[in-house]
Amino acid sequence: MMEARLDAAVTLPGEDMSRVALTAEAVELLRKLWGQHGPLMFHQSGGCCDGSSPMCYPAGEFITAEADVLLGLFDIAGGVEPQPLEFWMSREQFSYWSHTHLTVDVVPGRGSGFSVEAPEGKRFLIRSTLMDWPV
């Protein structure tokens with residue numbers, strides 16, 4: 001039985017707690033999508049409309065740069081896949097959300113046409129909680 005939440009490996013220097021997690025439902029959908037599209041990545045840009053939802057792309061399809069922060073790495077296949085799923089966020093959005101822990105969940109509905117889950121009738125959603133440790 002899968003745990004209710006999968007925490008990402010820590011990637012930010014000086015930190016020792018995960019900033020982002022996946023629900024069991026998100027892991028299940030991501031495994032299915034990984035089988036269809038190969039390695040995946042998330043990017044959370046912030047802003048309005050679809051920019052407020054985490055976007056899931058084939059790994060490397062969304063080009064990241066200095067304007068982005070790698071918040072975590074997920075092993076969604078239990079070590080079977082050699083490549084982790086990366087979770088990126090725009091640096092500007094991170095400045096607003098730096099005090100929160102993020103959990104990627106799945107809900108019914110249609111996400112953005114650019115995010116790979118769109119044809120599945122589901123969409124990824126961020127749930128945030130205030131962190132109880134200093135940032």
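Residues numbered from 1 in each chain as written. Predicted model: local features only at pLDDT ≥ 70, side-chain atom pairs only at ≥ 80, totals over all residues. Heavy atoms only, no water.

In terms of helices and strands, the protein carries 2 helices and 9 strands. Along the protein, helices and strands appear, N-terminal first, in the series β-β-β-α-β-β-β-β-α-β-β. Across the 135 residues in the protein, those meeting the buried criterion constitute 44%. The long-range fraction of contacts in the protein, counting pairs at least 24 apart against all pairs at least 6 apart in sequence, stands at 57%. (Helix = DSSP H or I, 4+ residues; strand = E, 2+ residues; numbered from the N terminus. Buried < 20%, exposed > 50% of the residue type's maximum accessible area, 1.4 Å probe, protein only. Contact = heavy atoms within 4.5 Å.)

Attention now moves to helix H1 (residues 24-37). Counted at 1.5 Å a residue, the expected span for H1 with its 14 residues is 20 Å, and the 20 Å between its end C-alpha atoms agrees. All buried positions along H1 are accounted for by Ala24, Ala26, Val27, Leu29, Leu30, Leu33 and Trp34. Directly beyond the C-terminal end of H1, a positive phi value near 85° is found at glycine 38. (Expected span 1.5 Å × (residues − 1).)

Once that is clear, we can look at the nonpolar core. One finds Leu22, Leu30, Phe42, Leu71, Phe87, Val104 and Phe124 to be the most contacted residues of the largest nonpolar core, which totals 27 residues. When contributions to this core are tallied by element, the ones reaching two or more residues are strand E3 (20-23), H1, strand E4 (40-44), strand E6 (68-74), strand E7 (85-90), strand E8 (100-108) and strand E9 (122-130). Every residue in contact with leucine 30, bar those within four places of it in the chain, is listed here: Leu22, Leu40, Phe42, Cys56, Ile76, Leu85 and Phe124. (Core = buried A, V, L, I, M, F, W, Y, C linked by side-chain atoms within 4.5 Å.)

All told, the structure shown has 3 aromatic pairs when counted by the stated rule. Ring geometry for phenylalanine 42 versus phenylalanine 87: centroids 5.7 Å apart, planes at 45°, classification tilted. Taken together, the positions of phenylalanine 42 in strand E4 and phenylalanine 87 in strand E7 put the pair 45 residues apart, joining distant regions of the chain. Note on accessibility: phenylalanine 42 and phenylalanine 87 belong to one class, buried. Their ring planes at 85° and their centres at 5.0 Å tell us that phenylalanine 42 and phenylalanine 124 sit as a pair that is edge-to-face. Taken together, the positions of phenylalanine 42 in strand E4 and phenylalanine 124 in strand E9 put the pair 82 residues apart, joining distant regions of the chain. Residue phenylalanine 124 is classed as buried on the basis of its relative accessible area, which comes to 1%. An aromatic cluster is built from Phe42, Phe87 and Phe124, whose rings are joined through pairwise contacts. (Phe/Tyr/Trp six-rings, centres within 6.5 Å; stacked < 30°, edge-to-face > 60°.)

Another point: the confidence of the model for the protein. Taken residue by residue, the protein gives an average pLDDT of 88. The fraction at 70 or more is 87%. Here helix H2 (residues 91-97) stands out as the element of the protein with the lowest mean pLDDT, 92, in contrast to E3, whose mean of 97 is the highest. (pLDDT = per-residue confidence, 0-100.)

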